[in-house]
Each structure stands twice: as C-alpha cells, then as structure tokens.
Amino acid sequence: MLALLGAVFGGLLRLAPEVLKMFTAKGDRDHEYRMTSLNIEGSVKLQGMKNEGAALEGQIAVDRSGLDALREGIKAQGQITGVAWVDALSQSVRPIVTYWWMTLYTVVKFATLIVMWGESSGWAQAFLIIWTEADMGILGGIINFWFLDRVITNKRKS
C-alpha cells in the first residue's frame, strides 16, 4: 500500500510542475494577446493622429496660399494703371456695390414695413420689429468700412 501511495504521490508531485507550467503558459499567452491588442490599438490611434496632423498642415498651407493671393489681389486693386477710365471704374466698384446693397436693403425693409403696417401692427411697432441687431451690425460695418477706411488712409499718407 505504501508503495502504491508513494507511486501516486510521486506521480502527482511530478505532474504538479507541468500543470503549473500549463497555467502559467496560458496566462502568458493571454497577457501577450492583450499587449499585442493594445499595441495595435495604439498604432491605429497614432496613425490617425498623424493623418489628422497632415490634413491640418495641408489645410494651413491652402489657407496661407489663399490669404497670400487675397493680399496680392488687394495690393493690385490699389495700383493706378494710368488709364483714366480703367482707374475710375476700379475706384467706383466699392461705392457702387455699397449703393446697390443699401438700395436693395432699404427696399426690402420698406416692403416689410408696409406689410406689417397693413397687418395693423402700427408704424411704431413695425419699426421696432424690423430693426434687428443684425441691422445694427450691418450699419456698423458699413460705417466702419467707409469712415475708418478714410482715417487709416489719411494716417498712411501722413
């Protein structure tokens, strides 16, 4: 019986390290799998960030070239050609666009005022409704454009 018990326990003790190695190997494989998955996920995120960075750099380059073109265009607009009718036409574009816009804007606001007055809102109420913060912004922009432009131009001349 002792021989039998010795054989069983001897065999179990001999198998114990192998069983432990099996569990350890499984844990190592799971760990390796998790680490590989994290590495792949990190690489994908890093590549995504690199792609976004490249796209942003490309957009910056496009924006910069657009601003450079705009700067050159504005610089070219201010140059006098020496041909009287061309210079007069060039200098009249901004005022004509401003007058056209103000006429169109006034007609639309006046038509809105008439419609609202026809709906018996009354003149005072109609004026308060049609004059909005956007209208104040447009008016402020026009005044700043024309009057500050003169101040800046006069400062440059002196």
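Up top is the structure these notes are about.
Our focus in this paragraph is the overall build of the protein chain. Along the protein chain, the regular secondary structure elements total four helices and zero strands. Listing each helix as α and each strand as β along the protein chain from the N terminus yields α-α-α-α. Going through the 158 residues of the protein chain one by one, you find that 5% of them count as buried. Of the roughly 13500 Å² of accessible surface on the protein chain, a fraction of 70% belongs to carbon and sulfur atoms.

Below, the discussion takes up the side chain of Asp87. Among the secondary structure elements, Asp87 is positioned in helix 2 (residues 84–118). Polar contacts involving the side chain of Asp87 include one to the main-chain amide nitrogen of Gly82, which spans 3.1 Å. Residues within four places of Asp87 in sequence aside, it is in contact with Ile80, Thr81 and Gly82.

For the rest of this paragraph, the subject is the layout of surface pockets. By volume, the second largest pocket amounts to about 210 Å³. Met102, Tyr105, Thr106, Lys109 and Trp131 are, among the 13 residues lining the second largest pocket, the residues nearest its centre. For the lining of the second largest pocket, the secondary structure elements donating two or more residues are helix 2, helix 3 (123–130) and helix 4 (133–157). The dominant element in the lining of the second largest pocket, judged by the number of residues it contributes, is helix 2, at six residues. Taken together, the residues of the lining of the second largest pocket break down into ten nonpolar, one polar and two charged.

Thresholds applied
Residues numbered from 1 in each chain as written. Predicted model: local features only at pLDDT ≥ 70, side-chain atom pairs only at ≥ 80, totals over all residues. Heavy atoms only, no water. Helix = DSSP H or I, 4+ residues; strand = E, 2+ residues; numbered from the N terminus. Buried < 20%, exposed > 50% of the residue type's maximum accessible area, 1.4 Å probe, protein only. Areas by Shrake-Rupley, 256 points an atom, 1.4 Å probe, with all protein chains shown as cover. Polar contact = N/O pair within 3.5 Å; in protein donor to acceptor, adjacent residues only side chain to side chain. Contact = heavy atoms within 4.5 Å. 1 Å grid on protein atoms, 1.4 Å probe; cavity = no way out; pocket = protein on both sides within 12 Å on 5 of 7 lines; lining within 4 Å. Points joined across faces, edges and corners; volume = space filled by probe spheres on them. Nonpolar A, V, L, I, M, F, W, Y, C, P; charged D, E, K, R; others polar.

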